[in-house]
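Now for the letters of each chain:
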Amino acid sequence: MWTELGLNLEAHDELLAVLGNAYKDIYMKQENRPKGMQYLDFVISEAHGLRIEELMETKRKGNKVVGTFCVYVPEELILAVGGTCVGLCAGAEIGIDEAEKVLPRNTCALIKSFMGFKLAGLCPYIQASDLVVGETTCDGKKKAYEILNDYKETYVMEIPQMKTERDRALWRGEIVQFKEKVEQLTGRKVTVETLRQGIKIANATRRALQRLSGLRKATPTPISGLDALLVNQIAFYDDPLRFTKSVNDLCDELEDRVKKGIGVTKNGTPRILVSGSPMAVPNWKVPYIIETSGAVVVAEESCVGERSTRDLVKEDGKTLDEMIDAITDRYMKIDCACFTPNVERTDHILELAKDFKADGVVHYSIQFCTPYTVEAHKVEKALQQKGIPMLRIETDYGMEDMGQLKTRIEAFLEMLRK
Amino acid sequence: MDIVILNRLQQLSERNLLDIAQAKREGRKVIGFYCLYSPIEIAVAAGAIPVSLCGTRNDPIEAAEKVLPRNLCPLIKSSYGYAATDTCPYFRFSDLVVGETTCDGKKKMFELLAEFRPTHILQLPQTQESDGALSFWYNEVKKFKERVEKETGVIITDERLSHAIQLTNQERKAKQSLMDLPKRNPSPISGLELLTILFKTGFFMDKRAKITLINEIVEEIQKRADQGEGPFDPKAPRILLTGVPVGLGSEKVIRLIEKAGANVVCFENCTGYRSVFTIDEKKEPLQAIAEKYLAIPCSVMSPNPGRIELLTELIKEFSVDGVVDLTWQACHTYNIESYNIETFITEKFGLPFLHLETDYSESDTEQLRVRIEAFLEMVKG
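Cut-offs and rules
All residue numbers here refer to positions counted from 1 along the written sequence of the relevant chain. Lettering for chains starts from A, numbering for ligands starts from 1, and both go in the order in which the items are written. At least 70 in pLDDT is required for a residue's local features to be given in this predicted model, at least 80 for side-chain atom pairs to be given and counted, and no such filter applies to totals for whole chains, interfaces and linings, which use all residues. Put simply, DSSP H or I for four residues or longer makes a helix, DSSP E for two residues or longer makes a strand, and each gets a number counted from the N terminus. When we talk radius of gyration, it's over C-alpha atoms, and the globule rule is simply 2.2 Å times the number of residues to the 0.38. Burial is judged by counting the other C-beta atoms within 10 Å of a residue's own C-beta: 20 or more makes it buried, 12 or fewer makes it exposed, and any count in between marks it as partly exposed, with every C-beta position built from the backbone. By the criterion used throughout, residues are in contact when their C-beta atoms, derived from the backbone, lie within 7 Å. In this scheme, strands are said to pair when DSSP sees at least two bridges between them. Angles run from 0 to 180 degrees between N-to-C directions of axes, and those axes are lines fitted to C-alpha atoms, restricted for helices to the stretch in contact. Known as pLDDT, the predictor's confidence for each residue is given on a scale from 0 to 100. Only Asp, Glu, Lys and Arg are considered charged, only Ala, Val, Leu, Ile, Met, Phe, Trp, Tyr, Cys and Pro nonpolar, and every remaining residue, Gly among them, polar.

## Some thoughts on the overall build of chain A
Here is step 1 of the chain: Along its length, chain A carries 19 helices and eight strands.
Here is step 2 of the chain: At 20 Å, chain A has a C-alpha radius of gyration in line with the 22 Å of a compact globule built from 418 residues.
Here is step 3 of the chain: With the principal axes as the frame, chain A shows a C-alpha extent of 60 × 50 × 40 Å.
Here is step 4 of the chain: The 418 residues of chain A split such that 54% are buried.
Here is step 5 of the chain: Looking at chain A alone, contacts between residues at least 24 apart form 76% of all its contacts between residues at least 6 apart.

Structural data, given as structure tokens:
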């Protein structure tokens, strides 16, 4: 199977060995983990194994796999044509030498990562994809897709930059075109029935993740930030039905913990809201440092977190047009910093900080991610007015700054305790 | 450069500020612009004064970094810094500032700049190729027109727009005749002289005076050329500079190239050749404006075939020996696009290509000098 996918086998084995060790050190050493996490441990251990076999199996049946990089790509439409939507590898410093032959060194780590994974032949998901979908969210991605397209055909959706009626119309047009694209890809029509089903499946996953998020409001919180992040990360590539069921099972267990007052940390542990750029698997660096420094992450205001799970698609559409309207409206609510002026993001951060009783906010930007690094100023100002301290972190996927970050985070937590 | 020309430029520059102050006292509105995508015709048609805003010098960057991230493009930091420190007279004059969603950095910076002045943001599509791009952009231009009408109290009729287009077409034609001077071989003008004239006249409020002055300068330099005078050795390598916009205060790369004995003969950037399009005077004016402005080949467009087309044309017309692609640090779109530009230039033309990434400071000048000299060695081959 691996040869069929055109992977670089030797390097892929090395990658898996490194990831396996990192996972052991970061995840398996946590104390008091919920039992429900065993399913996620299993999924991650099979991310480059059984899950790929499943994808190949569905392809053999004539279904298509669509790879994406961003929460703006409407998976409802992919599901509606019997396709599988998978998030593509973009969370590790892999194939950097290869990537830097075609991209500048000072490009965001996420972008260099997806390019590196592709050029080094190490992402089985992109190899298995029948269609790769990009979007014009930020400068870096927009321009990198032009280059990625030389190696794997990339279909690009244009994301508006504001939220007026005209922007909504532009985005709706993009969604309709995307519908035509997946119909053409699969030779299947999106119907009222199949799209309704797609909307239900995607909403069910979001509801399960919302439930997980809601349980973390409890003090003490029943699950670590690292584990919750992992659940949100795995949402991007696991089978949605099986995943949703497993998350709900996990939530049952967590509900029980909350009732009994059992938490992963003691009362009085500083509660941190992480906000900013997405953390794609296996990017666990910042939450790992936070949680091994005596604090707990209670929410992620991120595309791998609240921003992708907060809003549902309305399910009462009766015609395709109504359903596409509902999808358009839902995706227009995403408050990525690529929008201007994007005041709703600041509002959401304040709301989350309050609801989750956060003692402080760690604003995380991937280095060279201009939208988030610039927006951090406004976020900090708004939090300051509410008396909530914020720590601004800008980092990449490398481990060189681990010590420095730990020192800064410890000092920040020290301040919170006072 | 000719002392007489320099003196006239200097005199007019000084008078320009007084003229704007006077016009403002008489009730005319001033509208400040940053980017080539913002159609100045709208301001001209309303009888307002369009001015270019400062953003090409290093001085206010330190102040900007109190609010903006350090690793942001110097043009954006400089623009914001001038506004925050209130050191750009044109910004101070502006009743309205026009921004646009070209790149991430500017788009987000304008959110902060809006604290200092009323700011109107034009939303630029990210592609020129989609079916809806032009009508989307047309609506943005129309909204801008309505905003300017509100600010000035002037109804911008088609007739007013047509007159504005005629005037700015003349202005662009004059600029082009200046930029075309280095087509002569050897070139009668250095790249730095060319930039100085473009930059200084770029602030002039009186467009007719500007057109007259540029035409006179062109004539003067033509005469010099006819007498065989030129600033460089006839064998000096002819360099095309492509990439980000450059102004006085951020001209170090041009200075270094020309100090090393080569001649920058053409600018494929927003200060240079990208700015000299002609708007169709026969079409419905707002539509004609929208079409021409959307076609500007900045790297924020994806894809950006217009830049390749323009480069193809310019490399031939200016008998170019080598291409230098300049990127301001942290300008992702030009930085990433450089890969495709290099592939194109080297494969299609077999020309030597140098990609430089720098900022407005002098900290890397020596390093740049070494790289440029090595590059020119290769050009001379």
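## Some points on the sheet that holds strand β5 (residues 271–276) of chain A
Residues and elements named next belong to chain A.
Here is step 1 of the chain: Read from one edge to the other, the open sheet built from four strands follows the order β6-β5-β7-β8, with strand pairing classed as parallel. Each edge of the sheet is formed by a strand with only one pairing partner; in this case those strands are β6 (296–301) and β8 (390–395). Ignoring which end each strand starts from, the neighbouring axes of this sheet average 25° apart.

## Remarks on the confidence of the model for chain B
Reading predicted coordinates in detail is not appropriate for stretches of low pLDDT.
Here is step 1 of the chain: In this model, chain B carries an average pLDDT of 97, and 100% of its residues clear a pLDDT of 70 or more.
Here is step 2 of the chain: Across the whole predicted complex the pTM is 0.97, and at the interface the ipTM reaches 0.96.

## Section: the sheet that holds strand β6 (residues 263–268) of chain B
Residues and elements named next belong to chain B.
Here is step 1 of the chain: Strand order across the open sheet formed by four strands is β6-β5-β7-β8, with parallel pairing between neighbours. Taken across any chain shown, the strands that pair with only one partner, and hence form the sheet edges, are β6 and β8 (353–358). Looking at each pair of strands side by side, their axes are set apart by 25° on average, direction ignored.
Here is step 2 of the chain: Sheet analysis places strand β5 (residues 238–243) next to strand β7 (residues 322–328), joined by five bridges and oriented parallel. From the neighbouring strand, Ile239 faces β7, where its bridge partner is Gly322.
Here is step 3 of the chain: Sheet contacts for helix α15 (residues 365–380): β7 and β8; angle to β8, the most-contacted strand, approximately 170°.

## Quick word on the interface of chain A and chain B
Here is step 1 of the chain: Each partner contributes residues to the interface: chain A has 31 residues there, and chain B has 32 residues.
Here is step 2 of the chain: Contributions of two or more residues to the side of chain A that touches chain B are made by α9 (139–148), α10 (165–186) and α18 (370–385) of chain A.
Here is step 3 of the chain: Among the residues making up the side of chain A that touches chain B, the classes are represented as 13 nonpolar, 10 polar and eight charged.

## Points about unusual backbone geometry
All names here are of chain A.
Here is step 1 of the chain: Put simply, Thr219 and Pro220 share a cis peptide bond, and its omega is -5°.
Here is step 2 of the chain: Looking at where Pro220 falls in the secondary structure, it is placed in the loop between α11 (192–215) and α12 (225–234).
Here is step 3 of the chain: Along the chain, Val281 connects to Pro282 via a cis peptide bond; the corresponding omega equals 0°.
Here is step 4 of the chain: Despite not being glycine, Asn32 has its phi angle at roughly 60°, a positive value.
Here is step 5 of the chain: Inspection of the secondary structure assignment puts Asn32 in the loop between α2 (9–28) and α3 (37–45).
Here is step 6 of the chain: Phi angles above zero are rare outside glycine, and Phe368 is one such case at about 75°.
Here is step 7 of the chain: Relative to the assigned elements, Phe368 resides in the loop between β7 (360–366) and α18.
Here is step 8 of the chain: Take Phe368: there are 26 C-beta atoms within 10 Å of it, and that puts it in the buried class.

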